[in-house]
Protein chains: 2
Amino acid sequence: MRYSKLFGKTKLTTPHDSDSVNAKYLTQAGFVDKMAAGIYNFLPLGKRVLDKIVQIIREEMNAVDGQEIAMPALHPIELWETTGRTKTADAILYRTKGAGDKDFVFAPSHEEAVTPLAAKSVQSYKDLPISVYQFQTKFRNEPRAKSGVLRGREFGMKDMYSFHATEKDMDEYYERVKQAYLNVYERCGVKAYVVEASGGIFSDKISHEFSVVTPAGEDTILVCEKCNIAQNLEVAIGKVHNPENPEEKELPMKEVKAERGPSIDESAEAHKVAPSKVLKTVVYALSGGGLIGVCIRGDLKVNEHKLAHYLGSEVRPASKDELEKIGLVAGFISPVGLPKVKGGLKHGAEVGGDEKDVKEEKHGKTALPFVADNSIRDVKNFVTGANKKNLDLVNVNLGTDFTIDDFVDLVTVDESFGCAKCGSELTETKAIEAGNIFKLGTKFSKDFDLHFTNDQGKRDFVIMGCYGIGTTRLVGTIVEASHDEKGIIWPVSVAPYQVHLISLGAQKDSEVNTAAENIYEALQMAGVEVLYDERDESAGKKFNDADLIGLPLRIVVSSRTLKEKSVEWKLRNETEGKLVKYTDAPKEIIEWVHDCDCSGAV
Amino acid sequence: MRYSKLFGKTKLTTPHDSDSVNAKYLTQAGFVDKMAAGIYNFLPLGKRVLDKIVQIIREEMNAVDGQEIAMPALHPIELWETTGRTKTADAILYRTKGAGDKDFVFAPSHEEAVTPLAAKSVQSYKDLPISVYQFQTKFRNEPRAKSGVLRGREFGMKDMYSFHATEKDMDEYYERVKQAYLNVYERCGVKAYVVEASGGIFSDKISHEFSVVTPAGEDTILVCEKCNIAQNLEVAIGKVHNPENPEEKELPMKEVKAERGPSIDESAEAHKVAPSKVLKTVVYALSGGGLIGVCIRGDLKVNEHKLAHYLGSEVRPASKDELEKIGLVAGFISPVGLPKVKGGLKHGAEVGGDEKDVKEEKHGKTALPFVADNSIRDVKNFVTGANKKNLDLVNVNLGTDFTIDDFVDLVTVDESFGCAKCGSELTETKAIEAGNIFKLGTKFSKDFDLHFTNDQGKRDFVIMGCYGIGTTRLVGTIVEASHDEKGIIWPVSVAPYQVHLISLGAQKDSEVNTAAENIYEALQMAGVEVLYDERDESAGKKFNDADLIGLPLRIVVSSRTLKEKSVEWKLRNETEGKLVKYTDAPKEIIEWVHDCDCSGAV
C-alpha cells in the first residue's frame, strides 16, 4: 500500500477529547475516527488490525470445536421479556419500534438468540455438546462511553455459547476455552492473566476475566506467576503471613492505663508489642443506616469492597459523632464488654434496619453486631482498647474475653501476601479486562425450555456456558499495553502491515526512487505486507509518522544509505537501526517476516 | 466437518411460512433459521456460503482500489437531518434513544457516515480519487419482509463509496466498478446483466442495477446478448420495427361507416389494413382525477408504467362511464376533431386537477389533453374512430388532421422488438435484482460541505458514487438461480464444502468405515473442504440430505462400491454417477477441486 493513497492519514494534533492512550494514538495515526461518543469508524489501518485479531480468535475458537454462525442484532422484545433482561439490563438496552408497531431491542448480548436457536437442534444427549460463536456488533447504551475504543456504545465482539449434557462436560470445556483465550492474547502479543471475576470468590456465579497487563489499566491485579493466575485487588484472597507463636498460652485479661494516640502503631508502641498483636476494631456505617463493628489483626487492613459484598450494602467508616452517640471512643474501641445483639448476626441482613435488638444495656453502651476477619483466630493475648478514653486491655483472647457474630475474609491483600494456592510471592500490576467467560448453568435453558433426553432416557435441562472477547476493545487494549511516547508499537501478528518502507528525497533522486520501488515490488511479490511512504515529505515527518503508526520493521532508502549500497533496517521496539546491503534487503526482510510469529496474518 | 457434529441439520419438512424457494431450501437444509419476519440466523453452512461471497466481493473491490473500512450502524440523528433523509427515508428508519435522551437511527445506508468521514481527509485534488467500502449489517424497517433472505429487515451488505475531482474521473471509475460487479456475479456462478434502473431512462439520476437470471425472479427483463445489457420490462426501450412505406403519400381524410367491434384487430379487418395502420387511442384516468388521451400505433401497447412516470401519477384506463360523461364512444375514440386544451399540455402537470381549461366546446365534447408515442410519427393514412358509434375515419394524418400536445416513448417493449442500441434480437427472462450502482453527483458533498481545492486552486464540491451488493440477499439469489426439485445446486466457488462424502452401513462394516475415514483424512490434509456424513442413517436419507444441501461433488463409499474396489463419484448438477478406483479417489478429487474455479474459497 502506498501511503499517499491510504485513506486515513496521520494528524498533526491529538484529538482534543481523547481520554486515553488508545483514543489518542489510534485517532492521530489514522486507525479510527470518532463519529460520536462511544461510536467509532474503523479506517483501513484499524480495519486490518481488527481483521487480524478476528482471524486469530476464529482459529482458536475453531480449535475448541466452535462453529461459526451469525445471529441478528435486532431481536423481538419478547425474547428479552422471557429472560427478564428487559428489566435487569434495561439501562443499557437500545429499543426501537418496527413495522406493525412491534417492539425490538438491539442486542447487547445473544443468550436470548442462541438459546431458542439451540432448542431447535437439540433433542438428545447425542446432540451435545455443541459450541457456536459469532463476530457481532453489540449495542450497549452505556451511560458514559469512555477510554476510546475500550468502552463503546457500538463495538465488535466475539461471543461463543456452549451447550452440555453434564456439569462435568461443561467444566472440561470451560477449561479448554480458558486455554484458548490465553492463546488468543499470547498470539496478539499481550500478556494476559486469568482473573477470578469481581465478586467471584464470594458468589455462586462461576466466571473468569482475562486481564491484559498495561501501565494505564483501570483495574489493579495481584499476579502469582507460578500459578499463572491473577486476582482483582478489590476481591483478592492471599496467604496471611502468621507472625504468631502457636504455642503461646492465654494469659488473664487486665486493664491498663494508656495515654496514647488512636492509631494501631501508637497502641503497639505503648504496650511494646508488634502491630499484629493489636486487635483492630473499625465501626462502619451502612448505606441504609445502622452500624457494624469489624475486627481484624492490627497489621492488616479491612477491605471495604469485601465487607460491602458480604453485607450487601455500601459501607463507610462511622463518623466520630456516630461513635459518640453509641458511647464509643475512637481509638479505644473493642468488642470486649459490649452488649450482644440478640440472636447474633445473620449475614448482614439484620444490620442497619431493625433497631429492636439494639438496646441500651450495661455500661450505657449500644449493642453492636460484630464480624471479624479470619486473621484474629490464631492470635493469643491481643492488646486492644477498653471502650474508654486512655484505657486499654491486654491479654485479650477470643472466646474467653469476647465473641464475634460471624467470621469472614475481610482482609485487603497486597504484594506482601503470598499466593493463597501456592504461597509464592504476589506481584501487583495494572491491567485491562479483555475478555470473560461464564458458566451460565441452566438459567437460560429453563427460560427457553432448552431440554434434552439424557442417556438414562430422562428429560434434563441443557447446561450452558458463554465466552466473550471484545474485538474492537482488544485493538485498544493492545495499544494501551504496547506503546511509547512516540506512538504505537504493534506486535507483528496484529500489525496492519509488517514493514514500513520509507524513501527519502525520492523525487529529486531517481536512484533512491528506483531502489525503493524495487524493494516495494519484491516484497509485494513475496506476500509481505508493506506500507510504502513515497510522499514528498521531510525525513522528520516520515519518521514521526512511522513511529506513530508503529509497524514492526522500518526500512529507509535514501541517498545516504545507497552510498553505502545499503538500506537502513530498524525495529520499532528497538532504538538503534543498522545498515543492510541493498541487494540482500528483500531476501532478509522476507526471512524476518517468515521467522516472526505472523500466524495471525490474514 | 463430520455431519453428525454440524450445528443445523436438515429438516424433514418445509417451513410452513416459506414464501420462496430460497426460504424453503435454505431453512430445510440447515443454512439459515428465521428469528422473526425478515430477520435470520445464519447457521454454520449458511455462514460459510456468506463468507465465500464476501471474500469474492472483497477481492473484486480491492481490485478497483477500494479500501476496506468499517463504519458504525448507530448514527446520531443530526447526520440524517442534514441530508433530509429523516423525512425521505422515514418509513424504513429504525430509531432509538440513547444516553442523555439523544436520538439515533440504525443506518439503512451509509452516505451520512462516509461523507463527513471523507471530509476529514480530503483537502486537495491530490487526495482524490478515493474509494472505500465495508461489509455492514443494514437495518430497514420494511413494511413487509418477504422472500426469505431476499428482502430482510436486517441484512448484510457491501457498500462502497467513491470520491472524485471530476465528472470524467467519476464516469471512468463507474465503468470499472460495473465490470467488477459483473466479475462478482460470474465468480459466484450466476449470470447477471447490467440493467438500466427502473425509471433510469427518464430521470436524471444515473444508476444501474444488476439482475441475476432465475425462473422465479420478481422482475422481468429484456436482454440483448450482443450488447450484454438488459432492461427492466417496465421501462424498456426498443427498436420498433417499422412496417411502413416511408414513400407513402398523404391522402385526403374521409368518414366511413363501420359496423365493427371495438378492438384494433376488428378495425384493421373492417378497413383491410394492417393493425399498424390503425391509430390506437386510449383514455386514462389519473389517480388525482382528470383524464388524458394517449395515441399509439395499433400494433403496439401502451406501457402504463412509462405513462405514469411521465405524468407523475398512477394511471388506469378510463371506465365506460367516464368516457360517456365526456361524450366519447369506446372503440371509436380518436383525437381528430376534439377541442384542444388551452395552452396545451405541460408534462402532465396540468392534467387532472385544474378544470378551467377543460371546457364544453364543439360537438358537445370535453377538451382532453393528448400525448402520443413516437411510433405514430412515421405512419401515413391511419384508420381510426370518428368519436361516433360505427363511424370511422380513413387517411388520417398527423399534423394535417389532428395534433398532439406532447410526444414521448410510451411503448411496451417485448421480445418482438430489436435492441435499441444494436437492433439485435431481445430475449425476455425473469430475474432478481442483485446489486446497484449510482452516480450521486454532489448531493451529499453539498450537505456535508465535502469540498476540495481543484488543480486550478479553486474550491469545488467532491463528486460521489455509491455501489451496493446485498451479501445475504446474494446467498438467496444464488439458490433461486441454481436449484432443482430436490434441493440446492451450489456453484463450486460458493459451496460451503466442495465435497459431500457419504459412508453407507459403516457401523456394521468396518471396511467401509476405514475406507471412508481414510478418504476424509486425505482430503482434509489436502485442504479440500469436505462434509462427511458418517451417521448411522439409511442410504435414502443420506442421499436426500446431500441433494437438499447441494454440495458440488458427492462421493459414496459402501460395501457395494468397495466390492468393485471403487467409490461412487457424482456431481450434483449431473444425474449419472460413475465409479472411481478407491485408491485413486483422493488424488482425483483433489485434482477436480484444483481444476474448479474455487477462487472464492476462503
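Reading the values: rules and limits
- Residues numbered from 1 in each chain as written.
- Chains lettered and ligands numbered in written order.
- Predicted model: local features only at pLDDT ≥ 70, side-chain atom pairs only at ≥ 80, totals over all residues.
- Heavy atoms only, no water.
- Helix = DSSP H or I, 4+ residues; strand = E, 2+ residues; numbered from the N terminus.
- Buried < 20%, exposed > 50% of the residue type's maximum accessible area, 1.4 Å probe, protein only.
- Contact = heavy atoms within 4.5 Å.
- Areas by Shrake-Rupley, 256 points an atom, 1.4 Å probe, with all protein chains shown as cover.
- Buried area = accessible area lost by both parts, 1.4 Å probe.
- Salt bridge = Lys/Arg side-chain N within 4 Å of Asp/Glu carboxyl O.
- Pairing = 2+ DSSP bridges.
- Axes fitted to C-alpha atoms, helices over the stretch in contact; angles between N-to-C directions.
- Core = buried A, V, L, I, M, F, W, Y, C linked by side-chain atoms within 4.5 Å.
- Polar contact = N/O pair within 3.5 Å; in protein donor to acceptor, adjacent residues only side chain to side chain.
- pLDDT = per-residue confidence, 0-100.
- Least-squares fit on C-alpha atoms with pLDDT ≥ 70 in both.
- Parallel < 35°, antiparallel > 145°, perpendicular 65-115°, else oblique.
- Left-handed = near helix turned anticlockwise from the far one by under 90°.
- Nonpolar A, V, L, I, M, F, W, Y, C, P; charged D, E, K, R; others polar.

A. Quick peek at the overall build of chain A. Helices and strands together make up the secondary structure of chain A, namely 15 helices and 33 strands. Taking the principal axes of the C-alpha coordinates as reference, chain A spans close to 100 × 65 × 45 Å. Classification of the 602 residues of chain A by burial places 56% in the buried group. Put simply, 71% of the contacts in chain A that link residues at least 6 apart link residues at least 24 apart. Split by element, the accessible area of chain A, about 25500 Å² in all, is 49% carbon and sulfur.

B. How the structure looks around the interface of chain B and chain A. Residue-level contacts link 50 residues of chain B with 50 residues of chain A. Taking both partners together, chain B and chain A bury about 3900 Å²; carbon and sulfur atoms supply 63% of that area. Contact with chain A buries area across many residues of chain B, yet B:F7, B:M35 and B:Q67 alone supply 17% of it, more than any other trio. Put simply, A:K47 and B:E68 hold a salt bridge, and the shortest N to O gap is 2.9 Å.

C. Spatial organisation of the sheet that holds strand 6 (residues 102–106) of chain A. Residues and elements named next belong to chain A. Read across the open sheet, the three strands follow the order 4-6-5; overall the sheet is antiparallel. Every interior strand has two partners, whereas the edge strands, strand 4 (74–76) and strand 5 (94–98), have only one. Ignoring which end each strand starts from, the neighbouring axes of this sheet average 40° apart. Two strands pair when backbone bridges link them, and strand 4 and strand 6 are joined in this way by three bridges, in the antiparallel orientation. For H75, the partnering residue across the bridge sits in strand 6 and is V105.

D. Molecular detail of the nonpolar core. Residues A:F163 and B:F163 are the most contacted members of the largest nonpolar core, which totals 76 residues. Setting aside chain neighbours within four positions, we find A:F163 in contact with A:V114, A:A118, A:L128, A:P129, A:I130, A:V132, A:L450, A:V462, A:I463 and A:M464.

E. Up close: the side chain of B:S267. Positionally, B:S267 belongs in helix 7 (residues 264–270). If we skip the residues at most four places from it in the chain, B:S267 touches B:R260, B:V278, B:V383 and B:D392.

F. Examining the environment of A:Y310 more closely. All names here are of chain A. Within the element layout of this structure, Y310 appears in helix 8 (residues 304–311). Taking the C-alpha atoms as reference points, Y310 and D409, separated by 99 residues in sequence, lie 9.2 Å from one another. Only 2.5 Å separates the side chain of Y310 from the side chain of D406, close enough to count as a polar contact.

G. Spotlight on the confidence of the model for chain A. Residue and element names in this part refer to chain A. Of the residues in chain A, 93% have a pLDDT of 70 or more, and the chain-wide mean is 90. Across residues 199–203 the pLDDT falls below 50, and counting only partners more than four positions away or on other chains, this stretch makes 10 contacts in the model. Taken as a whole, residues 346–364 scores under 50 in pLDDT and shows 28 contacts with residues more than four places along the chain or in a different chain. With a pTM of 0.88, the predicted complex shows an ipTM of 0.88.

H. A look at the relation of the copies chain B and chain A. For the pair chain B and chain A, the best superposition has an RMSD of 0.2 Å and corresponds to a rotation of 180° with a translation of 0.1 Å parallel to the axis. What we have between these two chains is a two-fold relation. Within chain B, B:T96 has its C-alpha nearest the rotation axis, a separation of 2.6 Å. The fraction of interface residues of chain B whose copies in chain A are also interface residues reaches 100%, indicating that both copies meet through the same surface.

I. Layout of the packing of helix 2 (residues 44–63) of chain A against helix 11 (residues 471–481) of chain A. All names here are of chain A. Relative orientation of the contacting elements helix 2 and helix 11 amounts to 110°, with a least axis distance of 9 Å. By the angle between their directions, the pair helix 2 and helix 11 is classed as roughly perpendicular. Classified by chirality, the crossing of helix 11 by helix 2 is right-handed. Here V49, L50, I53, V54 and I57 of helix 2 lie close against helix 11, whose contacting residues are T471, T472, L474, V475 and I478. Residue composition of the contact of helix 2 with helix 11, grouped by class: eight nonpolar, two polar and no charged.

J. A look at the environment of B:E112. All names here are of chain B. By the secondary structure assignment, E112 is in helix 5 (residues 111–119). Setting aside residues up to four positions removed in sequence, E112 forms contacts with H75, L79, W80, T83, R85, F444 and F448. Within the structure, E112 has its side chain in polar contact with the side chain of T83 (distance 2.5 Å). Here R85 takes part through its side chain, which lies 2.7 Å from a polar atom of the side chain of E112.

K. Up close: the sheet that holds strand 6 (residues 102–106) of chain B. Residues and elements named next belong to chain B. Spatially, three strands are ordered 4-6-5 in an open sheet, and the strand pairing comes out antiparallel. Of all strands in the sheet, those with a lone pairing partner are strand 4 (74–76) and strand 5 (94–98), marking the two edges. For this sheet, the mean angle separating the axes of adjacent strands, direction not counted, is 40°.

L. Quick peek at unusual backbone geometry. Note the cis peptide between A:L128 and A:P129, where omega equals -5°. Following the sequence through the fold, A:P129 ends up in the loop between helix 5 (111–119) and strand 7 (130–139). Despite not being glycine, A:N390 has its phi angle at roughly 60°, a positive value. Along the polypeptide, A:N390 turns up in the loop between strand 19 (382–388) and strand 20 (391–396). The exposure class assigned to A:N390 is partly exposed, which follows from its relative accessible area of 22%. With a phi close to 60°, B:D101 is a non-glycine residue in the positive phi region. Within the fold, B:D101 resides in the loop between strand 5 and strand 6.

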